Amino acid sequence: MLQRPDEVDVEVRGAGNATRQINKIVQPEFPAHRILVVEVFTPSGNWSSYPPHKHDVHAMPGEADLEEIYYYRIDKPEGYAIQKVYNDDRTID
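Residues numbered from 1 in each chain as written. Predicted model: local features only at pLDDT ≥ 70, side-chain atom pairs only at ≥ 80, totals over all residues. Heavy atoms only, no water.

Undergrad: Pulling in residues and values, what's your account of the pairing of strand β2 (residues 20-26)?
TA: Sheet analysis places strand β1 (residues 9-13) next to β2, joined by five bridges and oriented antiparallel. Looking at the pairing, valine 10 lines up with asparagine 23 of β2. Hairpin connection from β1 to β2: six residues lie between these consecutive antiparallel strands, with glycine 14 at a positive phi of about 80°. Pairing between β2 and strand β3 (residues 37-41): five bridges, direction antiparallel. Each residue of the ladder has a partner; that of lysine 24, found in β3, is valine 38. (Pairing = 2+ DSSP bridges. Helix = DSSP H or I, 4+ residues; strand = E, 2+ residues; numbered from the N terminus.)

Undergrad: Give me the environment of alanine 15: which residues, what numbers.
TA: As for its placement among the helices and strands, alanine 15 is situated in the loop between β1 and β2. Residues alanine 15 and asparagine 46 lie 31 residues apart in sequence; the distance between their C-alpha atoms is 9.7 Å.

Undergrad: Pulling in residues and values, what's your account of the sheet that holds β1?
TA: Pairing between sheet strands relies on hydrogen bonds along the backbone, with the strands arranged either parallel or antiparallel. Read from one edge to the other, the open sheet built from three strands follows the order β1-β2-β3, with strand pairing classed as antiparallel. Two strands close off the open sheet at either side, each with one partner strand: β1 and β3. The mean inter-strand angle of the sheet, taken between neighbouring strand axes irrespective of direction, is 25°. (Axes fitted to C-alpha atoms, helices over the stretch in contact; angles between N-to-C directions.)

Undergrad: How would you sum up the packing of aromatic side chains? Please name residues and give values.
TA: This structure, assessed with the given rule, holds one aromatic pair. When the ring of tyrosine 70 is compared with that of tyrosine 72, the centres are 6.0 Å apart and the planes differ by 10°; the resulting orientation is stacked. For tyrosine 70, a relative accessible area of 38% corresponds to the partly exposed category. (Phe/Tyr/Trp six-rings, centres within 6.5 Å; stacked < 30°, edge-to-face > 60°. Buried < 20%, exposed > 50% of the residue type's maximum accessible area, 1.4 Å probe, protein only.)

Undergrad: Which residues make up the side chain of glutamate 63, and what values go with them?
TA: Of note, glutamate 63 is situated in the segment after β3. On the basis of relative accessibility, which here comes to 14%, the residue glutamate 63 falls in the buried class. Once you skip the residues sitting within four places of it in the chain, glutamate 63 turns out to touch Lys54, His55, Asp56, Val57 and His58. (Contact = heavy atoms within 4.5 Å.)

By themselves, these are just geometric observations and shouldn't be taken as functional.
Printed below as a string of structure tokens:
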């Protein structure tokens, strides 16, 4: 199934330095068993995933059990991204 650019749902989330644009490329209604694809455009200096959250429990609508893959593209050579992954007992940190 072809997903056309004009079919992508665009949403602005957050406020202040946590404002970012979410492009929902492959949404839950897409005819696939287990895939979601979103693209996040975050202005320079903003947080792209605030407030901190997790996706390891299926407790809808508050939390979805998801495996996530992140790909970062930074506009300037001095730019960087940080991702912190941990669990409550810090066996993963």
